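Each chain, letter by letter, is given below.
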Amino acid sequence: MANRPRGYGLTAALQRKRAEKYDYDDEQDALAWMEAVLDEGEIFINVHGMRKTQDALRDGVYLCKLMIALCPGIIKRINVPDSPFKCMENVDLFLKACRKYGLKSGDLFQTSDLYDGVNTTAVINTIHAVGRKAQSNGYDGPILGPKESTQNPRQFSAEQLREAEKIIGLQMGSNKGANQSGLNFGKTRSILD
């Protein structure tokens, strides 16, 4: 893990903001789901009764195994994590597999977020996004979070569209009771000779 300075000014403000977004329950849900999908028992390191997510996922092996369990053949080979480059390559394989699986780029973390421990929240959010996408891709195992919404396009005939133009939406207010006399608010302007 790289030794990063604590940071001052903007760097410190960003670190505080990231720390505020962290949710322990979300992390535990994601880890429990991964354990259920992988079905290898307790795979995460316990330190004083706490799981160390970054230490367990840092080499990328469990992340790659997760994608293989969800979509066999999506990752051809997992590297043996004997050097930092192999670990980061495993994480990159996971991220590429996520893109193939259908995740958007905004749902993915950066390799340094996990490997350097910069942003664990982004890693957990990616695991949640994989869990949502797994439900919509037909995975019938354990679920994580709500199902993704799907498109529901609607087709209207020309007659229906013409009828809709006659209706004034509630956001526009109402035209009932309107007249040409106008309304006066506040004190009127008087012109004196």
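Residues numbered from 1 in each chain as written. Predicted model: local features only at pLDDT ≥ 70, side-chain atom pairs only at ≥ 80, totals over all residues. Heavy atoms only, no water.

**Some details on the overall build of the chain**
Here comes step 1: Scanning the chain from N- to C-terminus turns up eight helices and two strands.
Here comes step 2: Along the chain direction, N to C, the helices and strands of the chain fall in the order α-α-β-β-α-α-α-α-α-α.
Here comes step 3: Counting only residues that meet the buried cut, the chain has 31% of its 193 residues in that class.
Here comes step 4: Relative to all contacts within the chain whose residues are 6 or more apart in sequence, the contacts with residues 24 or more apart total 54%. (Helix = DSSP H or I, 4+ residues; strand = E, 2+ residues; numbered from the N terminus. Buried < 20%, exposed > 50% of the residue type's maximum accessible area, 1.4 Å probe, protein only. Contact = heavy atoms within 4.5 Å.)

**Remarks on the nonpolar core**
Here comes step 1: Counting residues in hydrophobic clusters, the biggest one holds 32 residues, and the most contacted among them are W33, M67, L70, F94, F109, I127 and V130.
Here comes step 2: Contributions of two or more residues to this core are made by α2 (24-38), α4 (61-70), α5 (84-101) and α7 (120-136).
Here comes step 3: The biggest single contributor to this core is α7, with seven residues.
Here comes step 4: Not counting residues up to four positions away in its chain, the partners in contact with F109 are L63, V91, F94, L95, L114, A122, V123 and T126. (Core = buried A, V, L, I, M, F, W, Y, C linked by side-chain atoms within 4.5 Å.)

**Some thoughts on α5**
Here comes step 1: Compared with the 26 Å implied by 1.5 Å per residue over 18 residues, the 26 Å span of α5 between its first and last C-alpha is a close match.
Here comes step 2: Considered for burial, the residues of α5 that qualify are C87, N90, V91, F94, L95, A97, C98 and Y101. All buried residues of α5 fall inside an arc of 160 degrees around its axis, so they share one side. Residues F85 and K100 are exposed on α5 and point more than 90 degrees away from its buried face.
Here comes step 3: Those residues of α5 hidden inside the fold are in contact with α4, α6 (111-115) and α7.
Here comes step 4: Downstream of α5 by a residue or two, G102 has a phi angle that is positive, lying close to 120 degrees. (Expected span 1.5 Å × (residues − 1). Arc of directions from axis to C-beta.)

**Concerning the pattern of salt bridges**
Here comes step 1: Per the stated rule, a full pass over the model turns up three salt bridges.
Here comes step 2: We note a salt bridge from D92 to K96, for which the minimum N-O separation is 3.3 Å. Placement of the pair is D92 and K96 together in helix α5, with a separation of four residues, close to one helical turn.
Here comes step 3: We classify D92 as partly exposed; its relative accessible area is 29%. (Salt bridge = Lys/Arg side-chain N within 4 Å of Asp/Glu carboxyl O.)

**Some words on the packing of aromatic side chains**
Here comes step 1: Counted according to the given criterion, the structure contains one aromatic pair.
Here comes step 2: Residues F94 and F109 carry aromatic rings whose centres are separated by 6.1 Å and whose planes lie at 25 degrees to one another, so their mutual orientation is stacked. One end of the pair, F94, is in helix α5; the other, F109, is in the loop between α5 and α6, and 15 residues separate them in sequence.
Here comes step 3: Accessibility expressed as a relative area gives 0% for F94, which makes it buried. (Phe/Tyr/Trp six-rings, centres within 6.5 Å; stacked < 30°, edge-to-face > 60°.)

**Some details on the packing of α5 against α7**
Here comes step 1: Two elements in contact, α5 and α7, have axes whose closest approach is 11 Å; the angle formed by their N-to-C orientations is 35 degrees. Once α5 is placed against α7, the crossing between them reads as left-handed. For the pair α5 and α7, the contacting residues are F94, C98 and Y101 in the first and T126, V130, K133 and A134 in the second.
Here comes step 2: Its residues assigned to classes, the contact of α5 with α7 comprises five nonpolar, one polar and one charged. (Axes fitted to C-alpha atoms, helices over the stretch in contact; angles between N-to-C directions. Left-handed = near helix turned anticlockwise from the far one by under 90°. Nonpolar A, V, L, I, M, F, W, Y, C, P; charged D, E, K, R; others polar.)

**Quick word on the side chain of N79**
Here comes step 1: Within the fold, N79 resides in the loop between α4 and α5.
Here comes step 2: One polar contact links N79 to R77, side chain to side chain, over a distance of 2.6 Å.
Here comes step 3: Excluding anything up to four places from it in sequence, N79 contacts V61, K86, E89, N90 and L93. (Polar contact = N/O pair within 3.5 Å; in protein donor to acceptor, adjacent residues only side chain to side chain.)

**Remarks on the packing of α4 against α7**
Each pair of packed helices gets described by two things: the angle between the helix axes and the distance between those axes.
Here comes step 1: Put simply, α4 and α7 touch, their axes get as near as 12 Å, and they point 5 degrees apart. In terms of orientation, α4 lies roughly parallel with respect to α7. Contacts from L63, L66, M67 and L70 of α4 reach α7 at I127, V130 and A134.
Here comes step 2: Taken together, the residues that form the contact of α4 with α7 break down as seven nonpolar, no polar and no charged. (Parallel < 35°, antiparallel > 145°, perpendicular 65-115°, else oblique.)

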